[in-house]
Amino acid sequence: MTAIEYIRNGMKRVRKKESSFILASQNIEDFLLPEIKESTKPLSSIPSHHFLFNAGQINTQEYMDALQLEESEFSLIRYPERGTCLYRCGNERYLLQVIAPAYKAALFGSAGGR
């Protein structure tokens, strides 16, 4: 709970200072634990930019509620697809395909994060 309070306070302050705060998680389930769910929900509503990837094996409705996604938005990232993400900025939505340059692709390989 202490870490959540620090993050929430930091996110409020950076808006005043015209700076940035980046919050990333590979395990959205950690934010949806019953004992902290109500405290972490505002963390996903404060940012003005979201990059959302496929969440894997997670309860669809909980994921949509936590990130305030419409069914049509979730359908874009429902299935795992390498490099595909939904970018949300204000009222605009973009389906992005992230492609690494050849020299970076050689560094990371083709195993898809495995």
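I will try to describe carefully the structure that is included in this document.

## As for the nonpolar core
Then comes step 1: Formed by Ile28, Leu32, Leu52, Ile58, Tyr63, Met64, Ala66, Leu67, Leu69, Phe74, Ile77 and Leu86, the largest nonpolar core amounts to 12 residues.
Then comes step 2: Take this core: its biggest share by element is 4 residues, from helix H3 (residues 60–67).

## Observations regarding the pattern of salt bridges
Then comes step 1: Scanning the model with the defined rule gives 3 salt bridges in all.
Then comes step 2: Among the ionic pairs, Arg88 bridges to Glu73, the shortest N-O distance being 3.6 Å. Taken together, the residues Arg88 in strand E2 (residues 84–89) and Glu73 in helix H4 (residues 71–77) connect sequence positions 15 residues apart. Across this residue pair, the class does not change: Arg88 and Glu73 are buried.
Then comes step 3: Residues Arg93 and Glu73 are paired through a salt bridge, measuring 2.3 Å at the closest nitrogen-oxygen approach. Of this pair, Arg93 sits in strand E3 (residues 92–97) while Glu73 sits in helix H4, and the two are 20 residues apart along the sequence.

Rules of the game
- Every chain is numbered on its own, with residues counted from 1 as its sequence reads.
- Residue-level local features of this predicted model are given only where pLDDT is at least 70; pairs of side-chain atoms are given and counted only at 80 or more, and the full residue set underlies all totals for whole chains, interfaces and linings.
- Side-chain figures throughout are based on the complete set of non-hydrogen atoms in the structure, without hydrogens or water.
- What makes a nonpolar core is a set of buried Ala, Val, Leu, Ile, Met, Phe, Trp, Tyr and Cys residues whose side-chain atoms join them at distances within 4.5 Å.
- Burial classes: relative accessible area under 20% of the type maximum marks a residue as buried, over 50% as exposed, and values in between as partly exposed (1.4 Å probe, protein chains only).
- What counts as a helix is a DSSP run of H or I of at least four residues, what counts as a strand is a run of E of at least two, and both are numbered from the N terminus.
- A carboxyl oxygen of Asp or Glu within 4 Å of a side-chain nitrogen of Lys or Arg is what we treat as a salt bridge.

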